[in-house]
Amino acid sequence: MRHFGTTTAVVCLAAFGLPALAQTNEVEVMHWWTSGGEGAAVAVLKEDLEAKGTGWRDMAIAGGGGEAAMTALRARATAGDPPTAAQMLGFTVTEWAQEGLLGNLNEVAEAEGWDAVVPEAVQRFGKYDGNWVAAPVNMHRPHWVWANAKVFADNGLTAPTTWDEFFAAADKLQAAGIIPVAMGGQPWQEATAWEAVVLSISPELYQKAIIEADPEALASEGITQSFDIMRRIRGYVDDNFAGRDWNLATAMVIRGEAGMQIMGDWAKGEVIAANLTPGVDILCSVVPGTQGSFLFNTDFFAMFDVGEDKRQAQLNMASAAMSPSFQETFNLAKGSIPARTDVSPDKFDECGKKSMADLAEASAAGQLFGSLAHGHGQPPAIQRAYLDVVTQHFNSDMSSADATAALVAAVEAAK
Ligand code: GAL
């Protein structure tokens, strides 16, 4: 892999009598990492690239889960001016690749042996038509419960392993005047909780109702039960949750104003950014009933096909993002684990080590699934149908039976 600076590239091409193609050794990067923990992780990426001579133009679009960023990206691409690189989740990578707008990263991927170190489940989204089109930087796990250790100890509680324990803990916290469950009211956050609830009912249900969007599974008793559990959770959320950002909900747990939050391990990034120790000050356990399985979402950097003059900078970025030392440092800040399987767990905290061990166990047992809420369960149009119904149910007094029927109809219509 060559790392040409602008001057070097121009000089070399000129020396061979080729037309001098001014290489722009800068990348414009669109992403949605704007919270404290996310910002710290972005800084790692930016500094790493700058140290390797590639400039960074920041294009941050706030909004957890990336919905706003994806809308902005669509607008830029429609105007014929996509950024050099963009953060993307699973099926979104596939969708942009299908449109023929992404560049090919095989040159770097082959030279650096990505195929040998990236799990198959992640490769499936990073590649399109057999070619690498996006570089995976992490594996997030969205189905965690984060709990304030002091609040739990003061109330004689330990991390819940069943829904009965979860709701018993919630009752105790409520009686003690603490908000039991901190939640943000945005469709992707409600869906993050719901998909974990579905998984807790059974991994088979997750596979059939979510990954396969099977109408029979969607109409099943298990899905109705999942809405019953969501309704119970709603009873322990404070009244001001509507529209709240996920990191503000995490902050409520950090401050001890709330006892627990169901959220992905980007919440761990907030814990670290607050100088607290995950697993010690803020406890991590998987959502009750989901032990043994692993939902994942991977953040990719996809490179738009924006011209030869920008290509070297794009390859530099892809190479930097995939280096083992970068993946270690970046994921220590981000809360996720590396997308490469050859990075040592040594420097990771208790929660990161658990995530790595659980991932290995779940993949060996065939219990690794893509997260629906985070773009790895269904393509965007179908994903939206699920999210609409989940959020409509959570924010109204809709019955579980009606929500089940609405889900079957919405998913069918979106197919
Ligand atoms: C996820 C993304 C994470 C993250 C979170 C909240 O979809 O994969 O990197 O930070 O959204 O913004």
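This is a predicted model, so every value here is computed, not measured.

## Thoughts on the site of the ligand
And step 1. Looking at the ligand, there are 14 residues lining it, with Glu38, Asn297, Asp299, Lys334 and His374 nearest.
And step 2. Surface burial for the ligand is 100%, taken as the share of its 310 Å² of free accessible area covered by protein chains.
And step 3. Looking at the shell around the ligand residue by residue, the class counts come to five nonpolar, six polar and three charged.
And step 4. Here the shell around the ligand spans two domains, since at least three of its residues come from each of domain 1 (7–140 + 297–350) and domain 2 (144–295 + 370–414).

## Focus on the state of the cysteines
And step 1. A complete count under the given rule lists one disulfide for this structure.
And step 2. The disulfide partner of Cys284 is Cys351, and the S-S distance across this bridge is 2.2 Å. What sets the handedness of the Cys284 and Cys351 disulfide is the S-S torsion sign, and at about -100° it is left-handed. Taken together, the residues span a long stretch of sequence, with Cys284 in strand β10 (residues 282–286) and Cys351 in helix α18 (residues 350–364) at a distance of 67 residues.

## Notes on the sheet that holds strand β8 (residues 179–181)
And step 1. On the basis of which strands lie adjacent, the open sheet formed by four strands has the order β8-β9-β7-β10 and mixed pairing. Because the sheet does not close on itself, it has two edges, and the strands there are β8 and β10. Across this sheet, the average inter-strand angle for adjacent strands is 20°, counted without regard to direction.
And step 2. Summarising the sheet, β8 and strand β9 (residues 258–263) pair through two bridges and their orientation is parallel. By the bridge assignment for β9, Ile179 is matched with Ala258.

## Section: helix α20 (residues 400–414)
And step 1. Along its 15 residues, α20 runs 21 Å from first to last C-alpha, staying within 8% of the 21 Å computed at 1.5 Å per residue.
And step 2. Every buried residue of α20 is listed here: Ser400, Ala403, Thr404, Leu407 and Val411. The buried residues of α20 all sit within an arc of 100° when viewed along its axis, so they share a single face.
And step 3. Buried residues belonging to α20 abut α10 (187–201), α12 (215–218), α13 (221–234) and α19 (380–394).

## So, the nonpolar core
And step 1. Trp163, Trp194, Ile233, Met260, Tyr386 and Leu407 are the most contacted members of the largest nonpolar core, which has 70 residues in total.
And step 2. A total of eight residues in this core trace back to one element, the largest contributor, which is α10.
And step 3. Here Leu407 is in contact with Trp194, Leu218, Ile223, Phe227, Tyr386 and Val389, once residues within four sequence places are set aside.
And step 4. Core analysis: the second largest hydrophobic core is formed by 63 residues, Val29, Trp56, Trp114 and Phe330 among them.

## Examining α19
And step 1. For α19, built from 15 residues, the straight-helix expectation of 21 Å at 1.5 Å per residue is met to within 8% by its first-to-last C-alpha distance of 21 Å.
And step 2. Among the 15 residues in α19, 11 count as buried, and that is most of the element.
And step 3. Within the span of α19, buried status applies to Pro380, Ile382, Gln383, Ala385, Tyr386, Leu387, Val389, Val390, Thr391, His393 and Phe394.
And step 4. Along its buried surface, α19 packs onto α4 (90–98), α10, α11 (203–211), α12, α13 and α20.

## Regarding the packing of aromatic side chains
And step 1. Tallied over the full model, the rule gives 16 aromatic pairs.
And step 2. Pairing Trp33 with Phe301 gives two aromatic rings, centres 5.8 Å apart and planes at 85°, and the pair type is edge-to-face. Taken together, the residues Trp33 in the loop between β1 (26–31) and α2 (36–51) and Phe301 in strand β12 (residues 299–303) connect sequence positions 268 residues apart. For the pair Trp33 and Phe301, one class covers both residues: buried.
And step 3. A centroid spacing of 6.3 Å and a plane angle of 50° characterise the contact between Trp188 and Trp266, whose relative ring orientation is tilted. Remark: Trp266 occurs in helix α15 (residues 266–273) and Trp188 occurs in helix α10; sequence separation between them is 78 residues. An identical accessibility class is assigned to Trp188 and Trp266; each is buried.
And step 4. Put simply, the rings of Trp33, Phe301, Phe326 and Phe330 pair up and form one aromatic cluster.

## A closer look at the pairing of β1
And step 1. By the criterion of burial, β1 is predominantly enclosed, with five of the six residues buried.
And step 2. Relative to strand β2 (residues 55–60), β1 runs parallel, the two sharing six bridges. Of the residues in β2, the one forming a bridge with Met30 is Met59.
And step 3. Between the parallel elements β1 and β2, the chain passes through α2 in a crossover that is right-handed.
And step 4. Judged from the two bridges that link them, β1 and strand β3 (residues 85–89) form a sheet pairing that is parallel. Residue pairing across strands places Met30 opposite Ala86, the latter belonging to β3.

## A closer look at the packing of α13 against α20
And step 1. α20 packs onto α13 with a crossing angle of 125° between their chain directions and a minimal axis gap of 8 Å. One finds that α13 runs oblique with respect to α20. In the crossing of α13 with α20, the sense of the turn from one axis to the other is right-handed. Contacts between α13 and α20 pair Ile223, Thr224, Phe227 and Asp228 from the former with Ser400, Ala401, Ala403, Thr404 and Leu407 from the latter.
And step 2. In terms of residue class, the contact of α13 with α20 is made up of five nonpolar, three polar and one charged.

## What about the packing of helix α16 (residues 308–322) against helix α17 (residues 324–334)?
Describing two packed helices takes the angle between their axes plus the distance from one axis to the other.
And step 1. Two elements in contact, α16 and α17, have axes separated by 5 Å at closest approach and are oriented at 70°. Here α16 lies roughly perpendicular to α17, going by the angle between them. Facing Ala320, Ala321 and Met322 of α16, the residues of α17 in contact are Pro324, Phe326 and Gln327.

## Looking at the confidence of the model for the protein
And step 1. Per-residue pLDDT for the protein has a mean of 94; in total, 95% of the residues score no lower than 70.
And step 2. Every residue in residues 1–20 scores below 50 in pLDDT, and together they form 25 contacts with partners more than four places removed in sequence or on other chains.

Reading guide: rules and limits
Within any chain, residue numbers begin from 1 and follow the written order of that chain's sequence. In view of the model being predicted, local features appear only for residues whose pLDDT reaches at least 70, and side-chain atom pairs are presented and counted only at 80 or more, with totals across whole chains, interfaces and linings using the full set of residues. The side-chain numbers reported here are obtained from all heavy atoms of the structure, hydrogens and water having been left aside. Nearness here has a simple test: a residue counts as near a molecule or strand if at least one of its heavy atoms is within 4 Å of that partner. Each accessible area is a Shrake-Rupley result for a 1.4 Å probe, and residues are judged covered by the shown protein chains and nothing else. Under the grouping applied here, Gly and all other residues not named as nonpolar or charged are polar, the nonpolar ones being Ala, Val, Leu, Ile, Met, Phe, Trp, Tyr, Cys and Pro and the charged ones Asp, Glu, Lys and Arg. Domain limits in this description derive from either an automatic procedure or a database domain assignment. Here, two cysteine sulfur atoms that lie within 2.5 Å of each other are counted as a disulfide. Going along the chain from the N terminus, every DSSP run of H or I of four or more residues is numbered as a helix, and every run of E of two or more is numbered as a strand. Strand pairing follows a simple DSSP-based rule, namely that at least 2 bridges must link the two strands. Under this scheme, a helix contributes an axis fitted over its contacting stretch, all axes are lines through C-alpha atoms, and angles between N-to-C directions fall in the 0 to 180 degree range. To estimate how far a helix should extend, the number of its residues minus one is multiplied by 1.5 Å. For the exposure calls, accessible area comes from a 1.4 Å probe over protein chains only, and a residue counts as buried if that area is under 20% of its type's maximum, exposed if over 50%, partly exposed in between. Taken from the helix axis, the directions to the C-beta atoms give the arc we talk about. The contact definition used throughout considers only heavy atoms, calling two residues in contact when any of these lie within 4.5 Å. By convention a nonpolar core is built from buried Ala, Val, Leu, Ile, Met, Phe, Trp, Tyr and Cys residues, the set being connected through side-chain atoms within 4.5 Å. Pairing of aromatic side chains requires ring centres within 6.5 Å, counting the rings of Phe and Tyr and the six-membered ring of Trp. Pairs whose planes differ by under 30 degrees are stacked, by over 60 edge-to-face, and all others tilted. Note on handedness: a clockwise path from strand one over the helix to strand two, with the strands aimed away from the viewer, defines a right-handed crossover. Roughly parallel refers to an angle under 35 degrees, roughly antiparallel to one over 145, roughly perpendicular to one between 65 and 115, and oblique to any angle outside these ranges. Crossings are classed by handedness, with left-handed meaning an anticlockwise turn of the near helix from the far one by less than a right angle and right-handed meaning a clockwise turn. Confidence per residue, as judged by the predictor, is encoded in pLDDT with a range of 0 to 100.

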